[in-house]
Amino acid sequence: MAIIKGLKNIEAIIDKPKSNVSGEKVTWLKLDDGQSAQIRFISELDADSPTYDEKRGLAIVISEHSNPDDYKRKSACTTDTQGRCFGCEMFRKDPKSGWRARLRFYCNVLVDNAIDAPHVAVWSMGVSKAATFNTIREFASDSPSISNMTWKLKRNGKGTETNYVLLPQKQDSEPFNWGNYEYPNLEKVVREVPYAEQENFYIGFSNQATSTSVDW
C-alpha cells in the first residue's frame, strides 16, 4: 500500500486533481515580474504563411473550463468531442459561478532570457482580455508571418495584476536556422479529461469526501 506521511505530502495528494489523463509534459513560458526575454514564435497562425513549416505546426485555440476556486484544475471543454461536459453542466446550473468556457491560445516559442540556454517553451494565454494576444492578432492581420523575427516580451506585475508587453523586432534578412529543436504537439499539451472522471478532476477528493454518508 502507499503510505503518505507529513502534512504537506498529505495535502498535496488530497488537492492533486484526480485523473489518469494528463497533457504532454512541457516547459511553459515563465517570466518574473520585471523580467524580459527575446522570443521567436515557432508556431505560425496560418498554414498559408510563407514561413509555415509542418514540423513546427500551427498555434491553436482551445475552449477550456477551470474550477473557479482553483484555476490549475483546467481541462478542455468536451461537449463537442464527448457529447457531455461537467464544466458546461456547472455553468448551466449557475451562469454566474465562473464555470463558463473560455478560449485559450497555445503556441510554441523559442525563448532567450539571457539566463538559461535558448529553449523551446509553450506559451498559453487567454484570448478575450489578453493584450498580448491582440498584439499578435493585429500584427498577423497586416503581415503574413509571425515566426520570421524575434519579439521582445516583458512581464510587469504579479498575480491578477500581471500584464505583458510584446513588441516585434526587426525581420530576418535570411531564413532562420531552426536547428534540431523538438517541438511539443500542442494538441497533446492540452488536457482533455474523460467525462466520467471530470467531476473528480475539477472538484477534487477533498470536496467529494464531505459528500459521503459516513458519520464521523
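Please refer to the structure placed before this passage.
Residues numbered from 1 in each chain as written. Predicted model: local features only at pLDDT ≥ 70, side-chain atom pairs only at ≥ 80, totals over all residues. Heavy atoms only, no water.

S.K.: Looking at this structure, how should I read the side chain of Gln35?
M.R.: Looking at the element boundaries, Gln35 is found in the loop between helix 1 (7-15) and strand 1 (36-41). A polar side-chain atom of Gln35 sits 2.9 Å from the main-chain amide nitrogen of Asp32. (Helix = DSSP H or I, 4+ residues; strand = E, 2+ residues; numbered from the N terminus. Polar contact = N/O pair within 3.5 Å; in protein donor to acceptor, adjacent residues only side chain to side chain.)

S.K.: Whenever I open this one, the pairing of strand 1 confuses me. Can you help?
M.R.: Looking along a regular strand, one sees side chains alternate from face to face of the sheet. Here strand 1 runs beside strand 6 (residues 149-156); their pairing, made up of four bridges, is antiparallel. Looking across to strand 6, one finds that Ile39 is bridged to Trp151. (Pairing = 2+ DSSP bridges.)

S.K.: What is the right way to look at the packing of aromatic side chains in this model?
M.R.: A ring pair, where both rings are aromatic, is described by two values, the distance of the centres and the angle of the planes. Per the stated rule, a full pass over the model turns up 10 aromatic pairs. Where Phe176 meets Trp178, the ring centres are 4.8 Å apart and the plane angle is 80°; that geometry is what we call edge-to-face. For Phe176, a relative accessible area of 30% corresponds to the partly exposed category. Taking the ring centre of Phe176 as reference, the NZ or CZ of Arg40 above it sits at 3.9 Å. Sitting over the face of the ring of Trp178, Arg40 holds its NZ or CZ atom 6.0 Å from the ring centroid. (Phe/Tyr/Trp six-rings, centres within 6.5 Å; stacked < 30°, edge-to-face > 60°. Buried < 20%, exposed > 50% of the residue type's maximum accessible area, 1.4 Å probe, protein only. Lys NZ or Arg CZ within 6 Å of the ring centre and 35° of its normal.)

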